[in-house]
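# Topology and contacts: notes
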Amino acid sequence: MRPVYMVSGGITKFAKSTPKKDFRYMAKESFDQAMADIPNLTLDQIDGSVIAYFSDHFTRQLMAGIMVQDYLGLTPKPSKRVESGGATGGMGFQAAWEAIASGRMNVCAAVGFETMSHVNTWKGNEFIALASDVNFDYPVGGFYTGYYAMMVKRHMHEFGTTERQLAAVSVKNHGNALHNPYAQFPAELTIEDVLNSEMVADPLKRLDICVMSDGAATAILASEEMAFKLTDKPILISGVGTGTDAMRLSDRPSREVILLNHERAEDYKGLKYPGVHSFRGGRVAAKEAYKMAGIENPMEQLDFVELHDAFTSSEIQTYEDLGLCKYGEGGTFVESGAANVNGKMPVNPSGGLLACGHPVGATGLMQSVFALWQLQGTIGQHFGGDETLQIKGAKRGLIHSHAGTGTYITCSILERGF
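Residues numbered from 1 in each chain as written. Predicted model: local features only at pLDDT ≥ 70, side-chain atom pairs only at ≥ 80, totals over all residues. Heavy atoms only, no water.

## A few points about the overall build of the protein chain
- Counting its regular elements, the protein chain contains 16 helices and 11 strands.
- Principal-axis analysis of the C-alpha atoms gives the protein chain an extent of 55 × 45 × 40 Å.
- Relative to its full complement of 418 residues, the protein chain shows a buried share of 61%.
- Accessible surface, the protein chain as shown: approximately 16,000 Å² in total, 50% of it carbon and sulfur.
- Once the 37 positive and 46 negative side-chain charges of the protein chain are each reduced to a mean point, those two points are 2 Å apart. (Helix = DSSP H or I, 4+ residues; strand = E, 2+ residues; numbered from the N terminus. Buried < 20%, exposed > 50% of the residue type's maximum accessible area, 1.4 Å probe, protein only. Areas by Shrake-Rupley, 256 points an atom, 1.4 Å probe, with all protein chains shown as cover. Lys, Arg positive; Asp, Glu negative; His and termini not counted. Charge placed at Lys NZ, Arg CZ, Asp CG, Glu CD.)

Encoded structure:
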């Protein structure tokens, strides 16, 4: 495999509704922003694309990927559509990485989008629920808030996690988004605000849950030779990992904890794993990415993490899957301030899905764009001069994309290549 670099990225403002923009326009808006940051790149030099979007139902358009390819001016070059539920953007990013690493392409554009505002919220939740087992889960009321409520109830039972700890995630991420002009839902919240918001599925409340969005994001990846021609701040993609699990929670077996290099079996003696409190696919994705990038201890070798926080509970669960803390310690990890922008391991400095929004196909690519800007040190440049969210001296970060109840999960590690 050849080294692969991210050389540029672009993103639209995520919004509840964009009635004056269809999916092609938003995709091009993010693509044009990415192209503007690397003016030496021409359309002729882009060898192909990966188009990432979750649902044909939201767009009411089959083959939307080729329509984006055409709108960007990239026909008749190669392109393919990627769909992996909530991990669609992250999987699109890794598909573009594979195109470069294999030698098939020297420059590849990964473009993700979703237009979720075309339907009412209840209908949108129904479409998303179709990413569960429609023969088993869906007929008995299988909406994802219910699944995650069940999982965090078990997490509370196993480890003593509290609703106040869940609320701390929401306060942190919405607060970060106050400084992110691309975010849909910036807010200055208190723990009590979150606890007093409308109950959706006990114990998850409205402010524990991300919102549906319209938006698009683009990542441009290149070979080493091309990367250094296009930018003086190329970002190396040093590790990629992908994990999976059974669609139905009831089908997941009980096994010993999959250990990362800095963990010991005795840390988890007697723990039923993964149960419904943890994401085995997330642990596998992290382990694979860490191995490729040479990471022995993520808390010592990463500078920030952008992870998939569709629910406050899933952020806490993912701290543990990534090995930022031991299984069972995710609640105390966020409560301690370790995940704050100025904490030991900033998590979702962008505001995450909770505050940025979650236009599914764009979300994982949104993470890559914010990670790129963090590592290039250009957060202030892209955020209208506000450098509050810039992690000082950031050299390596991880992005994490997650589907369903952990059926597809991707982890990609980016680091300074300059």
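Here the narrative resumes, following the displayed structure.
## A short note on the packing of aromatic side chains
- A complete count under the given rule lists 16 aromatic pairs for this structure.
- Judged by centre distance (5.2 Å) and plane angle (20°), the rings of F23 and F113 are stacked. One end of the pair, F23, is in helix α1 (residues 23–37); the other, F113, is in strand β4 (residues 107–115), and 90 residues separate them in sequence.
- Residue classification places F23 among the buried residues on the basis of a relative accessible area of 7%. (Phe/Tyr/Trp six-rings, centres within 6.5 Å; stacked < 30°, edge-to-face > 60°.)

## What about unusual backbone geometry?
- Cis geometry marks the peptide bond from T75 to P76; its omega dihedral reads 10°.
- With respect to the helices and strands, the residue P76 is situated in the loop between α3 (64–71) and β3 (79–82).
- In this chain, Y273 is followed by P274 through a cis amide linkage whose omega measures 0°.
- As for its position among the elements, P274 is in the loop between β8 (235–244) and α10 (280–293).
- Within the chain, R60 stands out as a residue other than glycine whose phi angle is a positive 50°.
- Summarising the element assignment, R60 is placed in the loop between α2 (56–59) and α3.
- Classification of R60 as exposed rests on a relative accessible area of 77%.
- Even without being glycine, M63 reaches a positive phi, approximately 60°.
- Residue placement: M63 occurs in the loop between α2 and α3.

## Observations regarding a nonpolar patch on the surface
- Together, L62, M63 and I66 line one region of the surface with nonpolar side chains, adding up to about 330 Å² of accessible area.
- Looking at the element boundaries, L62 is found in the loop between α2 and α3.
- Residue classification places L62 among the exposed residues on the basis of a relative accessible area of 58%. (Patch = residues over 30% accessible without salt bridge, like charges linked within 9 Å, V, L, I, M, F, W, Y side chains within 5 Å. Salt bridge = Lys/Arg side-chain N within 4 Å of Asp/Glu carboxyl O.)

## Quick notes on the pairing of β4
- Counting buried positions over the 9 residues of β4 gives 9, a clear majority of the element.
- As paired strands, β4 and strand β7 (residues 214–223) are joined by 9 bridges and run antiparallel to one another. Paired with E114 across the two strands is G215, which belongs to β7. (Pairing = 2+ DSSP bridges.)

## Brief notes about the packing of α1 against α3
- Axis separation between α1 and α3 bottoms out at 9 Å; the angle between their running directions is 50°. Classified by the angle their axes make, α1 and α3 are oblique. Seen along the crossing, α1 lies across α3 with a hand that is right-handed. Taking contact as the criterion, the partners of F23, R24, Y25, A27 and K28 in α1 are, on α3, A64, M67, V68 and Y71.
- Residues of the contact of α1 with α3, tallied by class, amount to 7 nonpolar, no polar and 2 charged. (Axes fitted to C-alpha atoms, helices over the stretch in contact; angles between N-to-C directions. Parallel < 35°, antiparallel > 145°, perpendicular 65-115°, else oblique. Left-handed = near helix turned anticlockwise from the far one by under 90°. Contact = heavy atoms within 4.5 Å. Nonpolar A, V, L, I, M, F, W, Y, C, P; charged D, E, K, R; others polar.)

## A look at the pairing of strand β1 (residues 4–11)
- For β1, the buried fraction is high: 8 of the 8 residues fall into the buried class.
- Bridge count between β1 and β7: 7 bridges; the pairing is antiparallel. Residue pairing across strands places Y5 opposite A222, the latter belonging to β7.
- Inspection of the sheet shows β1 paired to β8 by 2 bridges, in the antiparallel sense. When the sheet's bridge partners are listed, Y5 is paired in β8 with L236.

## Comments concerning the environment of F113
- Owing to a relative accessible area of 0%, F113 belongs among the buried residues under this scheme.
- A sequence separation of 58 residues divides F113 from S55, and the C-alpha atoms of the two residues are 10.0 Å apart.
- If we skip the residues at most four places from it in the chain, F113 touches F23, I51, A52, Y53, T59, A64, V68, G215, A216, G361 and A362.

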